[in-house]
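Chains, contacts and geometry: an overview
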Amino acid sequence: RPFGVAFLFAGYDEHHGFQLYQSDPSGNYSGWKATVIGANNQAGKSLLKSEYGSAKEEEEGEGGDEMKTDEDASEVIEMPDLAEACRLAVKVLNKTMDGAVASPEKLELFTMKLDEDGSCVHKILNEEEAKAVIAEVDAETASAGDS
């Protein structure tokens, strides 16, 4: 049996807003507010549970599906702003990459946002922008280690 491939699909529509879906090799798919796939995904998911939606986790206690979408549940988690989401993505990559130090040569950051006209804009951060995000995360990590 050949190896399968998992995908993350990100998109936007005017009815549901920004969406993130994961498909796995079996053909199953699920919607998420944030998730990690690939090697060391459990370490990344653990970081997301603690850093993405910490207000909801404190109110509801420990659970396994804090980041999973649920249309019946009231929305308690606010989406992070673009800069915060980029920093969180770099933190997850730092935790899950095998021995590599995050650098623009090792990772690529992609963003989606709405422009002034309400159109969805896709952007791949250039090397300087990626370096700035990585530097912010490194500084935050260093200051957290000092306390």
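Residues numbered from 1 in each chain as written. Predicted model: local features only at pLDDT ≥ 70, side-chain atom pairs only at ≥ 80, totals over all residues. Heavy atoms only, no water.

**Looking at the overall build of the protein**
Broken down by element type, the protein carries four helices and five strands. Shown N-terminal to C-terminal, the secondary structure of the protein runs as helices and strands in the order β-β-β-α-α-α-β-β-α. In the protein, which comprises 147 residues, the share counted as buried stands at 28%. Within the protein, residue pairs in contact and separated by at least 24 positions form 43% of the contacts whose partners lie at least 6 positions apart. For the protein, the exposed area adds up to about 10000 Å²; of that, 50% sits on carbon and sulfur atoms. (Helix = DSSP H or I, 4+ residues; strand = E, 2+ residues; numbered from the N terminus. Buried < 20%, exposed > 50% of the residue type's maximum accessible area, 1.4 Å probe, protein only. Contact = heavy atoms within 4.5 Å. Areas by Shrake-Rupley, 256 points an atom, 1.4 Å probe, with all protein chains shown as cover.)

**A few points about the sheet that holds strand β3 (residues 29-32)**
Strands sit in the order β1-β2-β3 across an open sheet of three strands; the sheet is antiparallel. Edge positions in the sheet fall to β1 (7-13) and β3, since each has one partner strand and no second. Each strand axis lies, on average, 30° off the axis of its neighbour in the sheet, ignoring direction. (Pairing = 2+ DSSP bridges. Axes fitted to C-alpha atoms, helices over the stretch in contact; angles between N-to-C directions.)

**Overview of the nonpolar core**
Ranked by size, the top nonpolar core spans eleven residues in total: Cys-86, Val-90, Met-97, Ala-102, Leu-107, Leu-109, Leu-125, Ala-130, Val-133, Ile-134 and Val-137. Elements with a contribution of two residues or more to this core: α3 (82-96) and α4 (127-146). Here this core takes four residues from α4, the largest share from any one element. Among all residues touching Leu-107, those that are not within four sequence positions of it are Leu-93, Ala-102 and Ile-134. Val-36, Leu-47, Leu-48 and Tyr-52 belong to the second largest nonpolar core, which has seven residues in total. (Core = buried A, V, L, I, M, F, W, Y, C linked by side-chain atoms within 4.5 Å.)

**Let's talk about the side chain of Gln-22**
Looking at the element boundaries, Gln-22 is found in strand β2 (residues 17-23). A relative accessible area of 15% places Gln-22 in the buried class. Here Trp-32 takes part through its side chain, which lies 3.3 Å from a polar atom of the side chain of Gln-22. (Polar contact = N/O pair within 3.5 Å; in protein donor to acceptor, adjacent residues only side chain to side chain.)

**Quick notes on the pairing of β1**
Relative to β2, β1 runs antiparallel, the two sharing seven bridges. Paired with Gly-11 across the strands is Gln-19, a residue of β2. What sits between the antiparallel neighbours β1 and β2 is a turn of three residues.

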